[in-house]
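# Chains, contacts and geometry: an overview
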Amino acid sequence: MTDIVKELEKKDPQEQEFHQAVAHLLSWVRPVLDNRPGLARQAIVERLIEPDRILIFRVPWMDDSGQVQVNRGFRVEMNGVLGPYKGGLRFHPSASLGTFKLLAFEQVFKNALTTLPIGGGRGGSDFEPKGKSDDEVMRFCQSFMAELARHIGPDIDVPGGGMGVGVREIGYLFGAYRKQTGKHAAVLTGRGLGWGGSAVRLQSTGYGIGYFAAEVLATEGRSLEGMTCLVSGSGNVAQHTAEKILELGGKVLAMSDSTGHIFDEEGIDAAKLAFIKRLKNLKRGRIHEYVDKYSEATFMEVNRGLDHNPLWDHPADCAFPCAAENEINAKDAANLIRNGVQLVCEGADMPCTPEAVDIFLDSDVRYAPCTAANGGGVAVSALEMAQNRMLLNWTAEEVDGRLRAVMKNIHRQCVETADEFGQAGNYLVGANIAGFTRVVNAMQDQGLI
Ligand code: NDP
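Residues numbered from 1 in each chain as written. Predicted model: local features only at pLDDT ≥ 70, side-chain atom pairs only at ≥ 80, totals over all residues. Heavy atoms only, no water.

### Focus: the packing of aromatic side chains
- One pass over the structure, following the stated rule, counts 18 aromatic pairs.
- An angle of 90° between the planes, with centres 5.6 Å apart, marks the rings of Phe18 and Phe105 as edge-to-face. Taken together, the residues Phe18 in helix α2 (residues 16–35) and Phe105 in helix α5 (residues 97–114) connect sequence positions 87 residues apart. Of the two residues examined, Phe18 and Phe105, each falls in the buried class.
- For the ring pair Phe127 and Phe140, a centre distance of 3.9 Å and an interplane angle of 5° mean the geometry is stacked. (Phe/Tyr/Trp six-rings, centres within 6.5 Å; stacked < 30°, edge-to-face > 60°. Helix = DSSP H or I, 4+ residues; strand = E, 2+ residues; numbered from the N terminus. Buried < 20%, exposed > 50% of the residue type's maximum accessible area, 1.4 Å probe, protein only.)

### Some thoughts on the nonpolar core
- Within the largest apolar cluster, 57 residues are counted, with the highest numbers of intra-cluster contacts made by Phe212, Met255 and Phe320.
- The element that contributes the greatest number of residues to this core is helix α8 (residues 201–218), accounting for 7 residues.
- When residues of this core are assigned to domains, at least three map to each of domain 2 (51–195) and domain 3 (204–373).
- With near-sequence residues (within four places) excluded, Met255 lies in contact with Val231, Gly233, Ser234, Ala238, Gln239, Ala242, His261, Ile262, Ile268, Leu273, Ile276 and Ile287. (Core = buried A, V, L, I, M, F, W, Y, C linked by side-chain atoms within 4.5 Å. Domains from an automatic or database assignment. Contact = heavy atoms within 4.5 Å.)

### Digging into unusual backbone geometry
- The phi dihedral of Thr115 is positive, around 65°, even though this residue is not glycine.
- With respect to the helices and strands, Thr115 occurs in the loop between α5 and β4 (119–125).

### Here's the deal with the packing of α8 against helix α16 (residues 396–420)
- Orientation of α8 relative to α16, taken along the N-to-C sense of each, is 45°, at an axis distance of 9 Å. Regarding the angle of α8 to α16, the classification is oblique. As for the relative orientation of α8 and α16, their crossing is right-handed in sense. Two secondary-structure elements touch here, α8 through Ser204, Tyr207, Gly208, Tyr211, Phe212, Glu215 and Val216 and α16 through Asp400, Leu403, Arg404, Met407, Lys408, Ile410, His411 and Cys414.
- Taken together, the residues that form the contact of α8 with α16 break down as 8 nonpolar, 3 polar and 4 charged. (Axes fitted to C-alpha atoms, helices over the stretch in contact; angles between N-to-C directions. Parallel < 35°, antiparallel > 145°, perpendicular 65-115°, else oblique. Left-handed = near helix turned anticlockwise from the far one by under 90°. Nonpolar A, V, L, I, M, F, W, Y, C, P; charged D, E, K, R; others polar.)

### Thoughts on the domain arrangement of the protein
- Split by domain assignment, the protein resolves into domain 1 (1–49 + 432–449), domain 2 (51–195) and domain 3 (204–373).
- Relative to domain 2, the C-alpha centre of domain 1 lies at a distance of 26 Å.
- Between domain 1 and domain 2, the residue contacts involve 17 residues of the former and 20 residues of the latter.
- Across the domain 1/domain 2 interface, buried area totals approximately 1,600 Å², and carbon plus sulfur atoms make up 70% of it. (Buried area = accessible area lost by both parts, 1.4 Å probe.)

Set out below in structure tokens:
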């Protein structure tokens with residue numbers, strides 16, 4: 001298997017993050033590959049790491065001063081064996097092909113774990129929506145869709161929202177698609193509630209994370225009731241994770257943004273969380289403004305010179321990293337364990353570095369990887385696709401019930417698979433092997449394509 005990764009490194013030396021993800025997955029699914037030698041003859045891994053197709057395109061747009069700007073658009077259609085490609089769009093200046101290949105690769109297995117009929121893909125652009133006017137964002141989205149429209153469709157590829165791509169962006173993208181094709185088709189999820197969006201889609205990733213955490217604790221007869229929790233971020237995922245933690249009886253002590261974190265020993269209750277939502281969603285404010293309103297809390301500014309993140313220094317029962325990639329390093333992991341953390345449940349995509357993950361797996365901490373824990377977002381996106389295709393809108397209760405069932409099912413697969421492979425309680429092994437096996441079985445069933 002190291003040969004496969006070496007070959008990949010030789011072919012695309014600049015995509016280190018993708019190589020890393022492939023190497024990790026292969027290390028966790030090794031027992032399946034060893035048990036099923038036929039997979040090597042069929043070059044299953046080599047086929048899995050080569051995307052079905054990659055689209056890269058020019059996105060020219062005019063800024064408010066009349067200057068033409070040029071960005072790059074991407075869509076990586078990684079593996080469509082289980083259904084139409086599904087996975088969010090990300091608009092962020094750091095985005096590159098390597099990032100999207102990594103995200104699309106992870107998405108394949110995450111989607112497989114939901115057991116819904118969706119393949120895996122991701123895409124977006126190196127466009128930075130922050131600081132742009134609505135008109136600029138609209139012109140960018142229209143130009144982006146001018147190319148993407150030819151490659152998506154209800155049975156082909158159904159992108160959704162993601163980092164930097166909210167209802168505003170999906171609205172402009174969908175409008176452009178409709179104008180170009182004349183079709184009100186189920187081609188994008190994350191729509192506004194008045195025009196095909198699903199109830200609970202906005203909340204789904206965070207709620208799903210709360211449900212998953214509750215399932216993990218339930219295996220030991222425990223619950224979130226009374227548990228103290230650190231939540232990083234204050235965006236979509238963090239807000240709704242915190243909301244579900246509160247609903248399930250937990251106490252949220254901290255939240256953050258890219259400028260620093262707030263710590264509130266008395267707990268961020270529902271009213272305080274509503275303040276954070278208004279601050280971040282409506283006023284686009286900074287998290288330190290919380291302290292101006294709630295003087296019992298403290299704010300600590302980010303210090304990039306530190307070798308660890310002080311947010312994870314606070315003693316707490318549970319940690320929910322919901323902000324960004326690699327936000328818990330080995331030192332943070334050690335600090336969390338020293339301070340008695342019992343559960344680390346990943347809300348963001350790959351928020352723990354590989355070294356941090358190894359530290360959690362070597363400890364008594366329950367570690368819930370993002371592949372399993374944050375699958376609620378894509379699950380409700382798939383439910384939105386289903387509703388759009390049926391021209392129906394389910395109620396919030398109906399969607400939430402289905403979301404909860406999906407999260408329970410993901411949890412059950414992780415537990416059963418980890419048990420089957422002699423690694424009881426290891427959710428990383430359970431999630432990776434269960435997702436991988438479902439994809440691989442379908443690839444075998446569908447022949448050499
Ligand atoms: P948002 O953009 O809504 O929020 C991100 C939050 O994290 C913001 O509060 C942001 O701060 C903060 N943040 C960003 N970078 C850093 C950093 N380096 N250090 C500290 N804080 C930081 O994104 P989402 O909540 O939607 O997504 C968060 C993560 O969850 C991402 O990894 C995303 O890929 C993943 N995810 C999201 C899903 C969804 O449905 N939204 C689904 C599955 C995964 P600031 O306000 O200062 O920018």
